[in-house]
Amino acid sequence: MKMQAESTIKQKTVSQLPSHGEIIDFEIKLLIEAIQFRYGYDFSHYAQASLTRRISSCLKKFELGNVSELIPKIIHDVEYFESFLREVSVTVTEMFRDPLVFKVLRDKIFTQLQTYSRINIWHAGCATGEEVYSLAIMLKEEGLLSRSRIYATDFNNHSLAIAEQGIYKAEKIPLFTKNYLLTGGKASFADYYQAKHSHAIMHEELKQHMTFAHHNLIKDQCFAQMHLIICRNVLIYFDRTLQDSVLGLFHQSLVHRGYLLLGDKESLDFSQKKNCFTAIAKEQRIFQKVSYE
Ligand SMILES: C[S@@+](CC[C@H](N)C(=O)[O-])C[C@H]1O[C@@H](n2cnc3c(N)ncnc32)[C@H](O)[C@@H]1O
């Protein structure tokens, strides 16, 4: 019986063998499954091209020959997984990144937020926090900081720790100062940090209005009663299905007439939630929730 079964197994001909690219895709699928199984992080709806690029730069950094070598290390070593997460998540950011967006936020949206006695803001995918401090500075200048609470979240613990410290390299200050002035800054950027050696330490007064928390946009719950949600340059790494689910989470988290700010390459155009928002400043990607659907 066994002999008969073996004789019916047909091997693939050379032309049927998987290509190098197909083998890599297969290994990445296995890796995604291993991460999901072991840690509950689901990368299956990340945009595949950029994820593949990040994984391959990760292999170089870890000096590994292929994805299959990475899998057991990730399964058995939590710290290795943390380093992997650090490598695959793109955390590029800066203070007042895209100054015109921050200027429109200051001029158009903050005037509307004035009407609330308490202002809840969720900054999702805050990376190392530069945008969060930018926001706090503007809130202070517009007289809103004392009644504001900013919930700043990310799934990368390493970035979150830097955000919470609020200490940045002095060499970045000229760029941050230039951006700040372009947003219509009302004081001097130097008023908001203390220079120490080669670093700038952001003022405690700004931090007092921030709550930093680990939050995974793929699997964690919504934040209730938000008046403004800022999530820039995060959805760009997700596929359409995941973008829709995260936009649903934001819609659920916002109060009626709450505001949503996305990154300049992100939009609601192809989303199922498109009709639940209206554009307030289309070019700056600022939207307002208009329906409960
Ligand atoms: C390019 S940074 C954006 C930083 C900032 N918002 C900006 O535009 O300058 C993208 C951030 O999204 C975070 N991120 C990616 N996937 C995430 C997820 N599933 N849940 C929460 N944060 C995520 C990354 O860790 C990273 O810090």
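Along each chain, residue indices are assigned from 1 in the same order as the chain's sequence is written. At least 70 in pLDDT is required for a residue's local features to be given in this predicted model, at least 80 for side-chain atom pairs to be given and counted, and no such filter applies to totals for whole chains, interfaces and linings, which use all residues. Side-chain measures were taken over the full set of non-hydrogen atoms in the model, leaving aside hydrogen atoms and water.

Caption draft 1: Examining the nonpolar core more closely. Ranked by internal contacts, the top residues of the largest apolar core, which has 48 residues, are Phe-43, Leu-70, Phe-84, Trp-122, Leu-217, Phe-250 and Leu-260. Listed by contribution, the elements that provide at least two residues to this core are α2 (20–39), α3 (48–62), α4 (67–76), α5 (78–88), β1 (119–124), β7 (226–231), α11 (240–253) and β8 (254–262). Note that the domain bounds were set by an automatic or database domain assignment. Both domains that meet at this core, namely domain 1 (16–88) and domain 2 (99–289), each give it at least three residues. Leaving out residues up to four positions away in the same chain, Phe-250 has contacts with Trp-122, Ala-124, Leu-217, Ile-229, Cys-231 and Leu-260. Judged by nonpolar contacts, the second largest core, of 43 residues, contains Val-104, Ile-121, Phe-212 and Leu-228. Only buried residues count toward a nonpolar core. Its members are Ala, Val, Leu, Ile, Met, Phe, Trp, Tyr and Cys residues joined through side-chain atoms within 4.5 Å. We call a residue buried when its accessible area falls under 20% of the maximum for its residue type, exposed when it is over 50%, and partly exposed in between, using a 1.4 Å probe and counting protein chains only. Each helix corresponds to a stretch of at least 4 residues labelled H or I by DSSP, and each strand to a stretch of at least 2 residues labelled E; elements are numbered beginning at the N terminus. We call two residues in contact whenever any of their non-hydrogen atoms come within 4.5 Å of each other.

Caption draft 2: Representation of the site of the ligand within the structure. Taken together, 21 residues are adjacent to the ligand, and Tyr-46, Thr-93, Arg-97, Asp-154 and Asn-233 come closest. Side-chain atoms alone can form a polar contact between residues adjacent in sequence; in general such a contact is a pair of N or O atoms within 3.5 Å, and within protein one must be able to donate a hydrogen while the other accepts it. A distance of 3.1 Å separates a nitrogen atom of the ligand from a polar atom in the backbone of Gly-125. We get accessible surface area from the Shrake-Rupley algorithm with a probe of 1.4 Å; when it comes to residues, only the shown protein chains can shield them. About the coverage of the ligand: the protein hides 98% of its 600 Å² of free accessible area. Each residue is assigned to one class: nonpolar for Ala, Val, Leu, Ile, Met, Phe, Trp, Tyr, Cys and Pro, charged for Asp, Glu, Lys and Arg, and polar for all the others, Gly among them. A breakdown of the residues in the shell around the ligand according to their chemical character gives nine nonpolar, eight polar and four charged. Here a residue counts as near a molecule or strand whenever at least one of its heavy atoms sits within 4 Å of it.

Caption draft 3: Just α4, in detail. All buried positions along α4 are accounted for by Val-67, Leu-70, Ile-71 and Ile-74. On an axial view of α4, the arc spanned by its buried residues comes to 110°, and they lie on one face. Residues of α4 that are buried make contact with α2, α3 and α5. For α4, the N-terminal cap is Asn-66; the gap from its side-chain oxygen to the backbone nitrogen of Ser-68 is 3.2 Å. By arc we mean the arc of the directions from the helix axis to the C-beta atoms, nothing more.

Caption draft 4: Region of interest: the side chain of Ser-271. Within the secondary structure layout, Ser-271 lies in the loop between β8 and β9 (277–281). Side chain to side chain, Ser-271 and Asp-244 meet in a polar contact 2.9 Å long. Sequence-distant contacts of Ser-271, defined by excluding residues within four places in its chain, comprise Asp-244 and Leu-247.

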